[in-house]
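Chains, contacts and geometry: an overview
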Amino acid sequence: MKARGPALGLLLLLLCPAQVFSQSCVWYGECGIVSGDKRYNCKYSGPPKPLPKDGYDLIQELCPGFFYDNVSVCCDVQQLQTLKSNLQLPLQFLSRCPSCFYNLMSLFCELTCSPQQSQFLNVTETEDIVDPVTNQTKTNVKALEYYIGQSFANAMYNACRDVEAPSSNDKALGLLCGKDASACNATNWIEYMFSKDNGQTPFTITPIFSDLPIHGMEPMRNATKGCNESVDEITGPCSCQDCSIVCGPKPQPPPPPVPWRIFGLDAMYVIMWITYMAFLFVFFGAFFAVWCYRKRYFVFEYTPIDSNIAFSVNSSDKGDTSCCDPLGAAFEGCLKRLFTQWGAFCVRNPGCIIFFSLVFIAACSSGLVFVQVTTNPVELWSSPNSQARLEKEYFDTHFGPFFRTEQLIIQAPHTSVHIYEPYPSGANVPFGPPLDLEILHQVLDLQTDIENIVAFYNNETVTLQDICVAPLSPYNKNCTIMSVLNYFQNSHLMLDHKIQDDFYIYADFHTHFLYCVRAPASLNDTSMLHDPCLGTFGGPVFPWLVLGGYDDQNYNNATALVITFPVNNYYNDTEKLQKAQAWEKELINFVKNYSNPNLTISFTTERSIEDELNRESNSDVFTIAISYAIMFLYISLALGHIKSCSRLLVDSKISLGIAGILIVLSSVACSLGIFSYIGTPLTLIVIEVIPFLVLAVGVDNIFILVQTYQRDERLQGETLDQQLGRVLGEVAPTMFLSSFCETSAFFLGALSTMPAVHTFSLFAGMAILIDFLLQITCFVSLLGLDIKRQEKNQLDILCCVRGAADGRSVQASDSFLFRFFKNSYSPFLLKDWMRPIVIAVFVGILSFSIAVLNKVEIGLDQSLSMPNDSYVTDYFRSLKQYLHSGPPVYFVLEEGHDYTSQEGQNMVCGGMGCDNDSLVQQIFNAAQLDNYTRIGFAPSSWIDDYFDWVKPQSSCCRVYNSTDQFCNASVVNPECIRCRPLTPEGKQRPQGGDFMKFLPMFLSDNPNPKCGKGGHAAYSSAVNILGNDTGVGATYFMTYHTVLQTSADFIDAMKKAQLVASNITKTMGMKGSNYRVFPYSVFYVFYEQYLTIIDDAIFNLSMSLGSIFLVTMVVLGCDLWSAVIMCVTIAMILVNMFGVMWLWGISLNAVSLVNLVMSCGISVEFCSHITRAFTVSKKGSRVDRAEEALAHMGSSVFSGITLTKFGGIVVLAFAKSQIFQIFYFRMYLAMVLLGAAHGLIFLPVLLSYIGPSVNKAKRHTTQDPYKGTERERLLNF
């Protein structure tokens, strides 16, 4: 038996030579120094050696597969410690996916310690050295080949390719592959990790990939784990965010809505065209049928139509009195008597009336001492109770207000593209003009000069250091500067740092730049430079924020540099806010005066828009003053009725016109004063729009009153006060109708939740009401005094001077305009052949406007708010051309969610074990559909980085053994121990008390080369820690929108973010969390109005029309049909305003909505006087009544409102402000022209067809008093 044992052993040895070969090493231990703390391994070709017991913990932690029998391996304890140190960076980023990190550890463990090293490692270069301690000769391994199975490499890459790096919004391989994650693959990733050029590998390791034996070597083909597989019973598969296989197919956006088309054309166009054609067919069919019917009974077709003919379009109003006629007559008579008596009283007692009017004006206007002008855009455009406003306040309260932004966009127009040729290998890389070294130095000088700007406020100096965002303060007071130069630590020396010899440059700023744009959070660029990429302020500088004009993700092709200085915002500290504004003012002056022929700079500051708006307003003051001056001059001259040159100064009414204007302005001042008393703040829209509106309404009433008197003839035995009382009794009801319609319409418009519309409506309604009251009191008294002056032959203005008597008295007479309307215009417009043409044209215009109603754009292009010569306009242009990311967006989880339980963590986090529909995962999915959701990047997730930071395998979370206080990873102290034990339980996510114990440490830890996961800079403001570290309050997860250029982009981005947040809230609610997630971005509060502006426009305009209908019906004595016709005409004007907006490129926003509400009020002026004149006319047929109404009121409306406003509006075309040109000149011109066209052309024609019947009860009331007078002639027109 003894002989058989050795023989059997020899046989086995001969039969299994490979087994003997596989149990030999290629190295053991560490020898010579490479550089710093890097060492070569010692060559050793013997069998593996048992590992000392003090290395058992390390081998179990790093390579547990070798922990069996006597633990014989090809590495010693020092090599294991080196391996652990070198794996810290991959550990921090890849351990969130256990199977990925498992495969990576397998690659390095087999390389470092495998007992079968010689099977797949081939030493190719060695170097003998003498150990200075032992004087023994040792051999350094300087280069070797590592044979790796291609299938293993592919499997390892596939398990790791989707792993996210939450703090950098990028794939982890982008930090570990030496190139962008999209360009990384299995072979070039492993080649980069084993390359000496990465700065981590001490000697050359050449990977050779093959699944088959090659060159006598057996490739390492260990079993791998897919990212959807668990590594052990404790850990689960990778999360959906880190493993696309777990997620299933990539989500697809819903298909875009199919355009509504008929016959391949826009459906609205087709429908309105068919409708219009059908209308024309029916209308003209009816017209020709009546014409043919009429022709059968008349010899000559133009013979006047007999009112007795059936179906005549001009038939007289015969029949019984309706039940509403007596009521209407009684109400009409009551109004006449009331205003007649009141007018006579005002003329008899002018001193008393004027005195009390002045007292009233003074009392109301004195409220202006309490006036508050709102310039805060948030207050102007956002309702205090709106969702975005409440969410903004929540964000500001819990995380602090969003910082102020100072930004420069820099181009190098005279510098050309240059080519970087990497040595020793690699494709040539083009670098854009601003990435030229000399240009970068010049930009750094500019950046440094800006940092050194000193401003003065209250005799104190203010620097950027005093106001900037410094996330690591007080440990690191460096300001946050988002600049490509922060890749070079804002240092000329770092920018010039290069590794070279006499022949070649091995690494320079090109090398560093190309690495940093892929790994902005890196503390070591792993090239020969070993320079950090992390900004001096402690956070990453993302390339899409600091570079512009590049294609795809080729950042090296950038054509612009973007430098952003975030500055602290101080909403509740006026002094600090004004210090920041003082520094911004100095920055503006500095950049405006900066001169460098090599650089072109576009810039803005937080205060720039407000400054430019103020400058714009000041620059247009002169234009607006000319506009009002023209209107004032016209009013003053047009009121007079000059009969001869000798009576020019007597018959003129300049002083009365000025008095009328002062009354209009006083009503505006009273309105402002009354609301200032109760604390309602003014807005710029109120100041700019209301004088225009009240002037239009007030002047129209003045013209009607004065011109009616001028056409009136004093009755026999009638005194002046009786005559003016009678005239007022005639016209005051129509003045009352228009003014009360407008007042009620505006006051109901104040129900709007839009601050701009609400405030405007309040002030406008009150101003028009006061204007009407002053006109029927103060102005009537002033008119009486002016007539007395004229009758005494005293000069206008110089009333003490008497003019030369020419023997003429003040007699009733018709103006040229009245005669034109009476004798020419009215008869022509109401001819039988003209009226159908008018109806056809106006219905055609209405049809077109309805067809384009849904095509009016929504929003306000912010560049329109700037003057054409503003530096901010140039900035907006550069912004659209160069920027590659939109504003940051924060997904806020409200306070109350339980982060300490596993269920609560799974609802939120995005790493291993987290729900596939967690908060982070849903935002990540949305970023995959960036073209649809407009969310551009995966979110920064504090909770996932915290879990990576706290893992016991990492060197990040350590505490002092004696005090249990936090010990930073950079501290070398034996008392520092792991926060959590390296046990299966310790490797689990912290829960309960452990979660809250270590979270404050994470949020206070600064990133360093040993641990890049410290959360101080990235997340200190993202997490609210409740008192005494007892819990987590509100938190946010930040990402960025895609590039947003137009209002439609901003509105869509907000809608999609709200949709994503709503889905997250709903998903978490189904799992038991009742706390809301909402998105917040700085622009939401301004653009939220556009989500409901269509509903707001419909509501406001409908309320206005509804109130006009009710008031008109009541004031006209329950005349329902007149109210309907008037409201239909006003509605047509409003719809046509939308048509003009589409044609003229005017978008729907708060400014244009205010103008639309105002146009509703001004339209009343164009329509109400004509309508009432028609209803009170006693003529026999509708055509005659329409002709009388148009002749009597048309001239006053045309001269009083149309000509007055037209002259003033034309001047606004020369304003420098684009807002004035578009939203005031264009819209004002449209509302006046459309109002005049509908009121003076369409409405009389419509009334001539379908106007209300004559009120029979009123017929006798106006006949007898006017026998033999001009009034009789008008009544018998």
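For clarity, every value in this text was computed on a predicted model and none was experimentally measured. (Residues numbered from 1 in each chain as written. Predicted model: local features only at pLDDT ≥ 70, side-chain atom pairs only at ≥ 80, totals over all residues. Heavy atoms only, no water.)

In this fold, L440 is placed in helix α17 (residues 437-451). Distance from L440 to V484, taken between C-alpha atoms, is 8.9 Å for residues 44 residues apart in sequence. The contact partners of L440, leaving out residues within four places of it in the chain, are P434, L435, V484, L485, L495, F509 and L561. (Helix = DSSP H or I, 4+ residues; strand = E, 2+ residues; numbered from the N terminus. Contact = heavy atoms within 4.5 Å.)

Strand order in the open sheet formed by four strands is β25-β26-β22-β27, and the pairing between neighbours is antiparallel. This sheet does not close on itself; its edge strands, each paired only once, are β25 (1023-1025) and β27 (1077-1080). The sheet shows a mean angle of 20° between the axes of neighbouring strands, taken without regard to direction. In the sheet, strand β22 (residues 888-893) pairs with β27 via four bridges, with the strands oriented antiparallel. (Pairing = 2+ DSSP bridges. Axes fitted to C-alpha atoms, helices over the stretch in contact; angles between N-to-C directions.)

It is worth spelling out the sheet that holds strand β20 (residues 560-567) at this point. Reading across from one edge, β19-β20-β12-β21 is the order of the four strands in this open sheet, with antiparallel pairing throughout. A strand with exactly one partner marks an edge of an open sheet, and here the two such strands are β19 (547-548) and β21 (600-604). Looking at chain direction, strand β12 (residues 404-411) and β20 are connected through seven bridges and run antiparallel. Bridge pairing in β20 places E406 opposite F565. Here helix α32 (residues 871-882) sits on the sheet and contacts β12, β19, β20 and β21; the angle it forms with β21, its principal contact strand, is near 105°.

All right, on to the packing of aromatic side chains then. Summed over the entire model, instances satisfying the criterion amount to 62 aromatic pairs. On the numbers, 4.8 Å between centres and 0° between planes, the contact of F542 with W544 is stacked. Note on accessibility: F542 and W544 belong to one class, buried. For the cation-ring pair, K49 lies above Y28, with the distance from its terminal atom to the ring centre recorded as 4.6 Å. Stacked on the ring of Y932, the Lys or Arg K1056 has its end atom at 4.0 Å from the ring centre. (Phe/Tyr/Trp six-rings, centres within 6.5 Å; stacked < 30°, edge-to-face > 60°. Buried < 20%, exposed > 50% of the residue type's maximum accessible area, 1.4 Å probe, protein only. Lys NZ or Arg CZ within 6 Å of the ring centre and 35° of its normal.)

Mapped onto the secondary structure, D1049 falls in helix α39 (residues 1047-1070). Here R934 takes part through its side chain, which lies 3.3 Å from a polar atom of the side chain of D1049. When sequence neighbours within four positions are dropped, the list of residues in contact with D1049 reads R934 and L1044. (Polar contact = N/O pair within 3.5 Å; in protein donor to acceptor, adjacent residues only side chain to side chain.)

Quick look at helix α27 (residues 684-711) now. Because the α-helix completes a turn every 3.6 residues, residues three or four places apart line up on one side. Taking 1.5 Å per residue, 28 residues should reach 40 Å; α27 reaches 41 Å between its end C-alpha atoms and fits that length. Bending of α27 peaks at approximately 30° at the position of I690, with proline P691 no more than four residues after it. The element α27 is extensively covered by neighbouring structure, given that 25 of its 28 residues are classed as buried. (Expected span 1.5 Å × (residues − 1). Bend = angle between axes of the 7 residues up to and from the residue.)

A word on the nonpolar core. By size, the foremost hydrophobic cluster in this structure holds 352 residues, and its most contacted members are L107, W189, F513 and L547. Take this core: its biggest share by element is 22 residues, from helix α45 (residues 1218-1250). Each residue touching W189, except ones within four places of it in the same chain, is listed here: L94, L104, M156, Y157, C160, L173, L176, C177 and C184. (Core = buried A, V, L, I, M, F, W, Y, C linked by side-chain atoms within 4.5 Å.)

Our next topic: the confidence of the model for the protein. Mean pLDDT over the protein works out to 83, with 90% of the residues at or above the 70 mark. Below pLDDT 50 for its whole length, residues 1-21 participates in three contacts with residues either more than four positions away or in separate chains. Note on residues 299-319: pLDDT under 50 across the span, and 38 contacts to partners over four residues away in sequence or across chains. (pLDDT = per-residue confidence, 0-100.)

A few words now on the pattern of salt bridges. In a structure, side chains of opposite charge can pair up when their charged atoms sit close to one another. One pass over the structure, following the stated rule, counts 29 salt bridges. Among the ionic pairs, K84 bridges to E61, the shortest N-O distance being 3.5 Å. Linking K84 in helix α4 (residues 77-86) with E61 in helix α3 (residues 56-62), this pair joins segments that are 23 residues apart in sequence. Classification of E61 by relative accessible area gives buried; the value is 12%. Connected through salt bridges with shared partners, the residues R934, D1049, D1052 and K1056 form a single ionic network. (Salt bridge = Lys/Arg side-chain N within 4 Å of Asp/Glu carboxyl O.)

On the surface, a cluster of nonpolar side chains totalling about 470 Å² of accessible area is made up of Y269, F848, W1142, L1143 and W1144. With respect to the helices and strands, W1142 occurs in helix α42 (residues 1120-1143). (Patch = residues over 30% accessible without salt bridge, like charges linked within 9 Å, V, L, I, M, F, W, Y side chains within 5 Å. Areas by Shrake-Rupley, 256 points an atom, 1.4 Å probe, with all protein chains shown as cover.)

What follows covers helix α6 (residues 98-113). Its 16 residues place the ends of α6 21 Å apart at the C-alpha level, agreeing with the 22 Å of an ideal helix rising 1.5 Å per residue. In terms of burial, α6 is largely enclosed, as 15 of its 16 residues are buried.

What follows is about the pairing of β22. Of all the six residues making up β22, six are buried; the element is thus mostly covered by neighbouring parts of the structure. Both faces of β22 are covered, namely the face carrying P888, Y890 and V892 and the face carrying V889, F891 and L893. Examined bridge by bridge, β22 and strand β26 (residues 1032-1040) share six bridges and lie antiparallel to one another. Its bridge partner lying in β26, V889 is registered against T1039.

Overall, the coordinates contain 13 disulfides when judged by the stated rule. Sulfur-sulfur distance for the disulfide between C63 and C109 comes to 1.8 Å. Disulfide C63-C109: torsion about the S-S bond near -85°, hence left-handed. With C63 in the loop between α3 and β4 (72-73) and C109 in helix α6, this residue pair connects regions lying 46 residues apart in the sequence. Taken as a pair, C63 and C109 share a single burial class, namely buried. (Disulfide = S-S within 2.5 Å.)

With that settled, consider the packing of helix α14 (residues 350-365) against helix α26 (residues 654-677). Between α14 and α26, the shortest axis-to-axis distance is 7 Å and the interhelical angle comes to 45°. The angle between the axes of α14 and α26 places the two elements in the oblique class. Every residue of α26 that contacts α14 at F360, I361, A363, C364 and S365 is listed here: S666, A669, C670, G673, I674 and Y677. Class assignment of the residues belonging to the contact of α14 with α26 gives a composition of eight nonpolar, three polar and no charged. (Parallel < 35°, antiparallel > 145°, perpendicular 65-115°, else oblique. Nonpolar A, V, L, I, M, F, W, Y, C, P; charged D, E, K, R; others polar.)

The N-to-C vectors of helix α28 (residues 720-749) and helix α43 (residues 1150-1176) enclose an angle of 155°; their axes lie 9 Å apart at closest approach. By the angle between their directions, the pair α28 and α43 is classed as roughly antiparallel. Crossing handedness for the pair α28 and α43: right-handed. Residues E730, P733, T734, M735, L737, S738, C741, E742 and F746 of α28 lie in contact with α43, whose contacting residues are V1157, M1158, G1161, V1164, E1165, S1168, H1169 and R1172. In the contact of α28 with α43, the residues fall into eight nonpolar, five polar and four charged. (Left-handed = near helix turned anticlockwise from the far one by under 90°.)

Moving on to unusual backbone geometry. A positive phi angle, near 55°, is found at N490, a position not held by glycine. Looking at where N490 falls in the secondary structure, it is placed in the loop between α18 (464-467) and α19 (492-496). You will see that H530, though not glycine, has its phi angle at about 55°, which is positive. Tracing the backbone through its elements, the reader meets H530 in the loop between α20 (509-516) and α21 (543-546).

All right, on to the side chain of E1165 then. Examined against the element boundaries, E1165 turns out to sit in helix α43. Each residue touching E1165, except ones within four places of it in the same chain, is listed here: V697, D700, N701, S738, E742, V1197 and I1201.

Here we take up the environment of K179. Here K179 shows up in the loop between α9 (173-176) and α10 (186-193). For the pair formed by K179 and Y192, sequence separation is 13 residues and the distance between their alpha carbons is 9.2 Å.

Before going further, it helps to spend a moment on the environment of G698. Relative to the helices and strands, G698 resides in helix α27. Residue G698 is classed as buried on the basis of its relative accessible area of 0%. A sequence separation of 35 residues divides G698 from I663, and the C-alpha atoms of the two residues are 8.5 Å apart. Not counting chain neighbours up to four residues away, the residues in contact with G698 comprise V664, D771 and Q775.

Looking now at the pairing of strand β5 (residues 121-130). Inspection of the sheet shows β5 paired to strand β6 (residues 137-148) by nine bridges, in the antiparallel sense. Looking at the pairing, V130 lines up with T137 of β6. Taken together, β5 and the strand that follows it, β6, pair antiparallel across an intervening segment of six residues, in which N135 is found at a positive phi of about 60°.

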